[in-house]
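# An overview of the molecular structure
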Amino acid sequence: MIESREDLDAIKQACHSMVTRSSGLSAGAAIIPIPGVDIGSDVAILMRLIPKINEKFGLSPEQIDSLDTDSKLFVMTAISNTGSKLAGKYITQKLIVSVLKKMGVKVAAKGVTKFIPLIGSAVAGSISFTAMKVMGNRHIEDCYQIALAALEEERLAHEIVIEPEPEPAKNSPQP
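These lines cover the structure that appears in this document, whether it is placed above or below. Since this is a predicted model, take the numbers as computed values, not measurements.

### Some details on the packing of helix α1 (residues 5-30) against helix α2 (residues 37-56)
- Close contact between α1 and α2 brings their axes to 9 Å; oriented N to C, the two are set at 170 degrees. In this view, α1 runs roughly antiparallel relative to α2, as classed from their interaxial angle. Residues I11, C15, M18, V19, S22, L25, S26, A29 and A30 of α1 pack against V37, D38, S41, D42, I45, L49, K52, I53 and K56 of α2.
- A per-class count over the contact of α1 with α2 returns 11 nonpolar, 3 polar and 4 charged.

Here is the structure:
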């Protein structure tokens, strides 16, 4: 459970490390000059990576479902406000492919460059690494903002103190 901003920052750092490792795997697959291998591997990598990031931030569908009604409503509103397509969702191949299609220019460039002798594979690997890194880091930032908003909301909820009505003075004359 995330109890402080320090916890949240540690989670963010751990997720950045996961994204960097995954980006390296994506780059490695991109240098293989077989059509489709890189896209297939990117989908497989993201199908594992995105749910792990969601879970670390407490934003997997199961974790959200276990929240009380008010907290669940707040988290779902925060997800909507960030515009995140991946936080709090069941990650499917179809969802990943649609997100990758939005990065179409990078994907198309990567596919074309790998067939240029020698330099093409390096360029394809570089594009793949960068695209995976940007996509992963963007998702981390979305999750961080959602979790931070939830943490602040919880902190405010615990700080609200209802002050009691003042008692009448004991020595004052009664009407």
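### Notes on a positive patch on the surface
- On the surface, R21, R48, K52 and K56 cluster together to form a positively charged patch.
- Residue placement: R21 occurs in helix α1.
- Its relative accessible area of 53% is what places R21 among the exposed residues.

### Regarding the pattern of salt bridges
- Throughout the structure, instances matching the rule amount to 2 salt bridges.
- With its nearest N and O atoms 3.0 Å apart, the salt bridge here joins E141 to K12. With E141 in helix α7 (residues 119-159) and K12 in helix α1, this residue pair connects regions lying 129 residues apart in the sequence.
- Relative accessible area serves as the criterion here: at 31%, E141 is assigned to the partly exposed category.
- For the salt bridge of E152 with R155, the shortest nitrogen-to-oxygen distance reads 2.8 Å. Highlighted residues: E152 and R155, both in helix α7, separated by 3 residues, approximately one helical turn.
- The partly exposed category is assigned to E152, whose relative accessible area is 31%.
- By relative accessible area, which is 37% here, R155 ends up partly exposed.

Rules used in this analysis
Residues numbered from 1 in each chain as written. Predicted model: local features only at pLDDT ≥ 70, side-chain atom pairs only at ≥ 80, totals over all residues. Heavy atoms only, no water. Axes fitted to C-alpha atoms, helices over the stretch in contact; angles between N-to-C directions. Helix = DSSP H or I, 4+ residues; strand = E, 2+ residues; numbered from the N terminus. Parallel < 35°, antiparallel > 145°, perpendicular 65-115°, else oblique. Contact = heavy atoms within 4.5 Å. Nonpolar A, V, L, I, M, F, W, Y, C, P; charged D, E, K, R; others polar. Patch = residues over 30% accessible without salt bridge, like charges linked within 9 Å, V, L, I, M, F, W, Y side chains within 5 Å. Areas by Shrake-Rupley, 256 points an atom, 1.4 Å probe, with all protein chains shown as cover. Salt bridge = Lys/Arg side-chain N within 4 Å of Asp/Glu carboxyl O. Lys, Arg positive; Asp, Glu negative; His and termini not counted. Charge placed at Lys NZ, Arg CZ, Asp CG, Glu CD. Buried < 20%, exposed > 50% of the residue type's maximum accessible area, 1.4 Å probe, protein only.

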